[in-house]
Amino acid sequence: MDSLHIRGGRPLNGQVMVSGAKNAALAIMAGCVLGEGPIRLQRVPFLTDIEVMSAVLRTLGVTVARQGDSLVIDATHIDNGAPPYELVSKMRASFFILGPLVARLGKASIPLPGGCAIGSRPVDLHLKGLKAMGCEVVIDHGTVHVTAEKLVGAPVYLDYPSVGATENIMMAAVLADGRTTIENAAQEPEIADLAKFLNGLGAKITGAGTDTIIIDGVKHVTGGEHSVIGDRIEAGTYLIAGAMTRGRVQVQGVPIDAMGAILSKLQEVGAMISIDSPESCTVFGPDFLRATDLRTLPFPGFPTDLQAPFMAMLAVARGTSMVAETVFENRFLHVDEFQRMGAQVRIEGHCAVVQGVPALTGAHVQSTDLRAAAALALAGLVAQGDTVLGKLHHLDRGYENFDGKLRQLGADVHRLEAAPLTAG
Ligand code: UD1
């Protein structure tokens, strides 16, 4: 497997263009199943998660073609509502096609996503919404079978504002008979982008991006075009990198109004922020970083996907920080690897107590999940000496051209491709 080699100690300086948001693109690709007619999606990042979703769609009879940074997707002729376990098990977001598939075909069978590194991640809320709309749900041999003679709009209250459940239910409701209201919906900007995309195809959705989403069902939706919003998590990662290396980094092509929590937390550790336009901002790293407490929450709270990268910064801040992870139950897998680099972090239940140290030391470390991989790379940027980050397939799921973008900012980073194993 490939590895990332990082020589620490260089401040990052410069500008970086953010890619299209992985989480928006994945949901929108699932939403393409609803459309009768070709759909052109622009600004779709080159990521392995996108390849997996493309492969899942192809098993349904959907055509998916790459044209530069665009995908052309056509789901006019779907002939299968049961994607295979081997593909679906690679990525939880595959489950997001359940709602649109049932809406299009009246039935779908999807293997349960099962556990993953960062927690058990159930799908009860997805299914609760579909049942409210008249679906029959049977779980048999690890697969969810959903059938609906007719989807009927209904009020759905989510016990927790799950991103995936909100998206799944919203997509199913697009072709339901009548009005669906999702209360306590997730408010992430990627959900608003999905709704904007669907409305462009002829759906009738209002309120996406707030905690109440109203979907008035339509008979069918067509093809169309959409450009995916910028990735606020990727942008946040580069801003943190700029702050912790005492550099100056401008991120471009991302909605700054979706980044309030991360920008506030960067200011709390002593960084300065300048908002340069609605789609770009610059971080100025402080001479020394101050400790601060952090709690992950659904949007507009601090995103769980930036918890690990932010902790890398707190590991070298002055003082003690408390990091509370409230979204996922087991998202501190990076801590063991941080400790190998000299970080002082203690886990107590769903909290991590981070005692900042003057410097980290480079080491061989392994990625444990996508965001942990980015966090370890950031730690390597400020560590003394060399860091070698393994299991890069985690990073490739969600960061397009990560090493190239860091190099552009002045980091001493390169990727080593693993030599193929030879027999004998
Ligand atoms: C999405 C994002 C992921 C992000 C997460 C939280 C995508 C492709 N992924 O994941 O990057 O970290 O939102 O912002 O968009 N839950 C239930 N029952 C359910 C569904 C979820 O209990 O039916 C729980 C989960 O176990 C978890 C919490 O809700 O503890 C949040 O999960 P959810 O918002 O659904 O995350 P995903 O949509 O999987």
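Our subject is the structure listed above.
Every chain begins its residue count from 1, and numbering advances along the sequence as written. This being a predicted model, a pLDDT of at least 70 is required before a residue's local features are given, and a value of 80 or more before pairs of side-chain atoms are given or counted; all residues contribute to the totals for chains, interfaces and linings. Computation of side-chain values: all heavy atoms of the structure, hydrogens and water removed.

Trainee: Looking at this model, I keep getting lost on the sheet that holds strand S1 (residues 3–7). Mind explaining?
Mentor: Where strands meet in a sheet, backbone hydrogen bonds hold them as pairs that are either parallel or antiparallel. Pairing between strands is defined by DSSP: at least two bridges between them are needed. Elements are defined by DSSP. Helices are runs of H or I of four residues or more, strands are runs of E of two residues or more, and each kind is numbered from the N terminus. Pairing within the open sheet is mixed, and its 4 strands lie in the order S21-S22-S1-S23. Of all the strands in the sheet, just strand S21 (364–366) and strand S23 (412–416) have a single pairing partner and so form its edges. The sheet shows a mean angle of 20 degrees between the axes of neighbouring strands, direction not considered. Two elements, S1 and S23, share 5 bridges in a ladder whose sense is antiparallel. The residue of S23 that forms the bridge with histidine 5 is histidine 414. Residue contacts are defined here by distance: any two heavy atoms, one from each residue, within 4.5 Å place the two residues in contact. Working convention: axes come from line fits to C-alpha atoms, limited for helices to the stretch in contact. Angles between N-to-C directions cover 0 to 180 degrees. Packing of helix H12 (residues 370–382) onto the sheet brings it into contact with S1, S21, strand S22 (386–390) and S23, and relative to S1 it is tilted by some 25 degrees.

Trainee: For this particular structure, what's the right way to read the nonpolar core?
Mentor: Where a protein is soluble and globular, its nonpolar side chains tend to be buried together. We define the nonpolar core as a collection of buried residues of types Ala, Val, Leu, Ile, Met, Phe, Trp, Tyr and Cys that are connected through side-chain atoms lying within 4.5 Å of one another. Between buried and exposed lies partly exposed: a residue is buried under 20% and exposed over 50% of the maximum accessible area for its type, with that area taken using a 1.4 Å probe on protein chains only. Grouped together as the largest cluster of nonpolar side chains are 80 residues, with contacts concentrated most on Met170, Val174 and Leu198. Every residue in contact with leucine 198, bar those within four places of it in the chain, is listed here: Gly31, Leu34, Met170, Met171, Val174, Ala203 and Ile205.

Trainee: What is the right way to look at the pattern of salt bridges in this model?
Mentor: Between side chains of opposite charge, a pair can form as their charged atoms come close. A pair is scored as a salt bridge if a Lys or Arg side-chain nitrogen falls within 4 Å of a carboxyl oxygen belonging to Asp or Glu. For the structure on display, the rule yields 15 salt bridges. Between lysine 22 and aspartate 49 there is a salt bridge, with the nearest N and O atoms lying 3.6 Å from each other. Of this pair, lysine 22 sits in helix H1 (residues 22–31) while aspartate 49 sits in helix H2 (residues 48–59); the two residues are 27 residues apart in sequence, bridging distant segments of the chain. Of the two residues examined, lysine 22 and aspartate 49, each falls in the buried class. For lysine 150, the salt bridge identified is with aspartate 177, shortest N-O distance 3.2 Å. Within this pair, whereas lysine 150 is found in the loop between strand S8 (143–147) and strand S9 (155–157), its partner aspartate 177 is found in the loop between helix H6 (163–174) and strand S10 (179–183), the two being separated by 27 residues in sequence. Assessed through its relative accessible area of 39%, aspartate 177 is described here as partly exposed. Within this structure, Asp2, Asp396 and Arg415 form a network of salt bridges that share partners.

By themselves, these are just geometric observations and shouldn't be taken as functional.
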